[in-house]
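The residues making up each chain are set out below.
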Amino acid sequence: MSVPINLVVLGPPGAGKGTQAVVFAQQRGIPKISTGDILRDAVQSGTELGQRAKATMDAGGLVDDQLMIAIVRERLGRADVASGFVLDGFPRTVAQATALDEIMSGQGALAVVDIAVPDDALVARLALRRVCGQCGNTTTVAAGAEVPPCERCGGELVLRSDDTEEVVRERLRVYADATKPLVDYYSSRPTFRAVDGNQAPDAVGAALNGAVDDILRELAVSGAAAGGDR
Ligand code: ADP
Ligand code: ZN
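Below, the structure is looked at part by part.

Conventions used here
- Throughout, a residue's number is its position along its own chain's written sequence, starting from 1.
- Here every chain gets a letter starting at A, and every ligand a number starting at 1, in the order they are written.
- This being a predicted model, a pLDDT of at least 70 is required before a residue's local features are given, and a value of 80 or more before pairs of side-chain atoms are given or counted; all residues contribute to the totals for chains, interfaces and linings.
- Remark: hydrogens and water are excluded; side-chain values derive from all non-hydrogen atoms of the structure.
- Take the buried residues of types Ala, Val, Leu, Ile, Met, Phe, Trp, Tyr and Cys, join any two whose side-chain atoms come within 4.5 Å, and each joined set is a nonpolar core.
- A 1.4 Å probe rolled over the protein chains alone gives each residue an accessible area, and that area as a share of the maximum for its type sets the label: buried under 20%, exposed over 50%, partly exposed in between.
- To qualify as a helix, a DSSP run of H or I must reach at least 4 residues; to qualify as a strand, a run of E must reach at least 2; elements of each kind are numbered from the N terminus.
- Between two residues, a contact is recorded if the distance between any of their heavy atoms is within 4.5 Å.
- Distances define the donors: N, O and S atoms within 2.8 Å of the metal qualify, as do those within 3.2 Å of Na, K or Ca. Water is excluded, so some sites may look unfinished.
- Tetrahedral means four donors with every angle between 85 and 135 degrees, whereas square planar (four donors) and octahedral (six donors) require angles over 155 degrees between opposite donors and between 65 and 115 for all others; sites fitting neither are termed irregular.
- What makes a residue near a molecule or strand is one non-hydrogen atom of that residue sitting within 4 Å of it.
- Here a polar contact is taken to be a pair of N or O atoms separated by no more than 3.5 Å, where protein atoms must pair a possible hydrogen donor with a possible acceptor and residues adjacent in sequence count only if both atoms sit in side chains.
- Between the N-to-C directions of two axes lies an angle of 0 to 180 degrees, each axis being a line fitted to C-alpha atoms and, for a helix, fitted only over the stretch in contact.
- Angle categories: roughly parallel below 35 degrees, roughly antiparallel above 145, roughly perpendicular from 65 to 115, and oblique for all the rest.
- By the convention adopted, Pro, Cys, Tyr, Trp, Phe, Met, Ile, Leu, Val and Ala count as nonpolar, Lys, Arg, Asp and Glu as charged, and the other residues, Gly among them, as polar.
- In this scheme, strands are said to pair when DSSP sees at least two bridges between them.
- In this description, one arc is meant: the one made by directions from the helix axis to the C-beta atoms.

## Description of the nonpolar core
Right, so step 1: Counting 28 residues, the largest nonpolar core has Leu10, Leu76, Phe85, Leu87, Leu100, Leu110 and Tyr186 as the members making the most contacts within it.
Right, so step 2: Elements supplying a minimum of two residues to this core: β1 (5-10), α3 (48-58), α4 (65-75), β3 (84-88), α5 (94-104) and α8 (181-187).
Right, so step 3: Leu100 has contacts with Val8, Leu76, Leu87, Phe90, Pro91, Leu110 and Tyr186, leaving out every residue within four places of it along the chain.

This is the structure we're talking about:
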């Protein structure tokens, strides 16, 4: 069996993590696990988790570490992650990263790719981001133009409730405070790469694919050197 791809996609809000994670997961035939999507689904269906998370999400804050860790621990315990997974939106704090290392111990190495985008580009992007109220598809609209219907289902494209200017600023602040330290947490590992996220989606996707292949080669070499069978 080939080495599982256990990929963590890091990056600020609006870096395009979600978009890249979907495409990558599809290409490699592995599940995409997005904690933002899990939480939004819970809010939509009014579960206890959703009720607990909604106010925090709408304010741009972070949902409780222990709750998020429990969700991811359960998800990574399912059979479909045997050949790997793409994690989008988790970890978001050092406590979550430490817990993820513990969850993964004995389960294969993590590949970590940071999608780096400068702040001013993020604010501009998030202002133009719209989500389909019907199918959940995320898209970027043209500045100043009328917002078209969803190209996938014809549904109405709306601003995500946490993409308002004020909440975006708070999310960027929370990112700088709580999540950016993860780059330091992971960057000294041989399985870490940063890619330039300030380019067209296809180019970011190509860079992501290249980075992951490079990490897989690294793992194959170090695995062979260690003489291990994993
Ligand atoms: P973004 O577009 O900012 O990357 P996400 O869709 O990943 O946003 O997440 C939306 C919101 O869900 C976050 O602002 C946060 O409130 C909550 N959330 C998602 N993942 C986590 C996590 N791992 N820890 C804490 N809160 C989270
Ligand atoms: Zn749609």
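That was the structure; now back to the text.
## Notes on the coordination of the zinc ion (ligand 2)
Six octahedral donors around a metal ideally sit at 90 or 180 degrees from one another, while four tetrahedral donors ideally sit at 109.5 degrees.
Right, so step 1: The protein atoms that coordinate the zinc ion (ligand 2) are Cys132 (SG), Cys135 (SG), Cys150 (SG) and Cys153 (SG), at distances of 2.3 to 2.4 Å.
Right, so step 2: Coordination at the zinc ion (ligand 2) is tetrahedral, judged from the four donor atoms that bind it and the angles of 100 to 116 degrees they form at the metal.
Right, so step 3: Mapped onto the polypeptide sequence, the residues donating to the zinc ion (ligand 2) form the spacing pattern C-x2-C-x14-C-x2-C. With Cys132 in strand β5 (residues 129-132) and Cys150 in the loop between β6 (138-140) and β7 (157-158), this pair connects stretches of sequence that are 18 residues apart.

## Remarks on the site of ligand 1
Right, so step 1: By nearness alone, 19 residues border ligand 1, and Thr35, Arg40, Gly61, Gln96 and Arg171 come closest of all.
Right, so step 2: One of the side-chain nitrogen or oxygen atoms of Thr35 is found 2.8 Å away from a nitrogen atom of ligand 1.
Right, so step 3: Side-chain polar atom of Arg171 to an oxygen atom of ligand 1: 2.7 Å apart, as the coordinates give it.
Right, so step 4: The dominant element in the shell around ligand 1, judged by the number of residues it contributes, is helix α2 (residues 35-44), at four residues.

## Considering the packing of α2 against α4
Right, so step 1: Between α2 and α4, the least distance of the axes is 11 Å, while the angle of their chain directions is 105 degrees. Between α2 and α4, the interaxial angle falls into the category roughly perpendicular. Residue-level contacts link Thr35, Ile38 and Leu39 of α2 to Met68, Ile71 and Val72 of α4.
Right, so step 2: Partitioning the contact of α2 with α4 into residue classes produces five nonpolar, one polar and no charged.

## Some points on unusual backbone geometry
Right, so step 1: Following Phe90, the chain continues into Pro91 via a peptide bond in cis, with omega recorded as -5 degrees.
Right, so step 2: Tracing the sequence through the fold places Pro91 in the loop between β3 and α5.

## Here we look at the sheet that holds strand β2 (residues 32-34)
Picture the strands of a sheet paired through backbone hydrogen bonds; they go either parallel or antiparallel.
Right, so step 1: Pairing within the open sheet is parallel, and its five strands lie in the order β2-β3-β1-β4-β8. Of all strands in the sheet, those bounded by a partner on one side alone are β2 and β8 (192-196). Averaged over all adjacent pairs, the angle separating strand axes in this sheet is 20 degrees, with direction ignored.
Right, so step 2: Direction of pairing for β1 relative to β3: parallel, over a ladder of five bridges. Within β3, the position partnered with Val8 by the bridge is Leu87.

## Some thoughts on α3
Right, so step 1: For α3, every residue scored as buried is listed here: Gly50, Ala53 and Met57. Buried residues of α3 fall within an arc of 80 degrees about the axis and therefore sit on the same side. Projecting away from the buried face of α3 at angles above 90 degrees are the exposed residues Glu48, Gln51, Arg52 and Ala55.
Right, so step 2: In this structure, the buried side of α3 is in contact with α2 and α7 (165-179).
Right, so step 3: The first or second residue beyond α3 is Gly60, which carries a positive phi of 85 degrees.

## Describing the environment of Leu172
Right, so step 1: Positionally, Leu172 belongs in helix α7.
Right, so step 2: With a relative accessible area of 12%, Leu172 lands in the buried category.
Right, so step 3: C-alpha separation for the pair Leu172 and Glu151, spaced 21 residues apart in sequence, amounts to 29 Å.

## Here we look at the sheet that holds β5
Right, so step 1: The strand order across the open sheet formed by three strands is β6-β5-β7, and the pairing between neighbours is antiparallel. Each edge of the open sheet carries a strand with a single partner, namely β6 and β7.
Right, so step 2: Note that β5 and β7 share two bridges and pair antiparallel. Each bridged residue has a counterpart across the sheet, and for Cys132 the counterpart in β7 is Leu157.

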